[in-house]
Amino acid sequence: MMKTFYQYMMRYRGAKNTDKAYSLAEWMFYDHDFPKQSTDYDELSRYLEWTAPFPEALQTFDRLWDEYKINA
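Heads up: these notes are all about the structure in this document. (Residues numbered from 1 in each chain as written. Predicted model: local features only at pLDDT ≥ 70, side-chain atom pairs only at ≥ 80, totals over all residues. Heavy atoms only, no water.)

### Some details on the packing of aromatic side chains
Reasoning step 1: Tallied over the entire structure, the rule returns 14 aromatic pairs.
Reasoning step 2: Centroid distance phenylalanine 5 to phenylalanine 61: 5.2 Å. Interplanar angle 85 degrees. Geometry classified as edge-to-face. Here phenylalanine 61 lies in helix 4 (residues 57-71) and phenylalanine 5 lies in helix 1 (residues 5-9), a separation of 56 residues in the sequence. There is no split in this pair, since phenylalanine 5 and phenylalanine 61 are both buried.
Reasoning step 3: Among the aromatic residues, those joined into a cluster by ring pairs are Phe5, Tyr8, Tyr12, Tyr41, Phe61, Trp65 and Tyr68.
Reasoning step 4: It is arginine 11 that lies over the ring of tyrosine 12; its NZ or CZ is 5.9 Å from the centre.
Reasoning step 5: The ring of phenylalanine 29 has arginine 13 sitting right over it, with the charged end atom 3.6 Å from the ring centre. (Phe/Tyr/Trp six-rings, centres within 6.5 Å; stacked < 30°, edge-to-face > 60°. Helix = DSSP H or I, 4+ residues; strand = E, 2+ residues; numbered from the N terminus. Buried < 20%, exposed > 50% of the residue type's maximum accessible area, 1.4 Å probe, protein only. Lys NZ or Arg CZ within 6 Å of the ring centre and 35° of its normal.)

### Notes on the nonpolar core
Reasoning step 1: Ranked by size, the top nonpolar core spans 20 residues in total, and within it Phe5, Met9, Leu24 and Met28 carry the most contacts.
Reasoning step 2: Breaking this core down by element, the ones donating at least two residues are helix 1, helix 2 (20-30), helix 3 (41-51) and helix 4.
Reasoning step 3: Each residue touching methionine 28, except ones within four places of it in the same chain, is listed here: Phe5, Tyr6, Met9, Met10, Phe34 and Lys36. (Core = buried A, V, L, I, M, F, W, Y, C linked by side-chain atoms within 4.5 Å. Contact = heavy atoms within 4.5 Å.)

### Observations regarding the side chain of aspartate 31
Reasoning step 1: Positionally, aspartate 31 belongs in the loop between helix 2 and helix 3.
Reasoning step 2: Comment: no salt bridge for buried aspartate 31; closest opposite-charge side chain is lysine 36, at 6.1 Å.
Reasoning step 3: At 3.0 Å, the side chain of aspartate 31 forms a polar contact with the backbone nitrogen of aspartate 33.
Reasoning step 4: Among the polar contacts listed, one links the side chain of aspartate 31 to the side chain of tyrosine 47, at a separation of 2.6 Å. (Lys, Arg positive; Asp, Glu negative; His and termini not counted. Salt bridge = Lys/Arg side-chain N within 4 Å of Asp/Glu carboxyl O. Polar contact = N/O pair within 3.5 Å; in protein donor to acceptor, adjacent residues only side chain to side chain.)

These values are about where atoms sit, not about what they do.
So this is what it looks like as structure tokens:
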């Protein structure tokens, strides 16, 4: 069974390095409306377009989505 993107991103929570991946994972964890069960790029990117927590969030998401597709 494939992990959701949310599940994949939780690996970045609690990291000692507070980079953009950490920031995005923390925001996803605390955002109760984030589509946590989704594995659909379009659904997740549309949500981020409307609610991006920081300016580089979409670029960070795109980079991490590519990693997710390879590793999940």
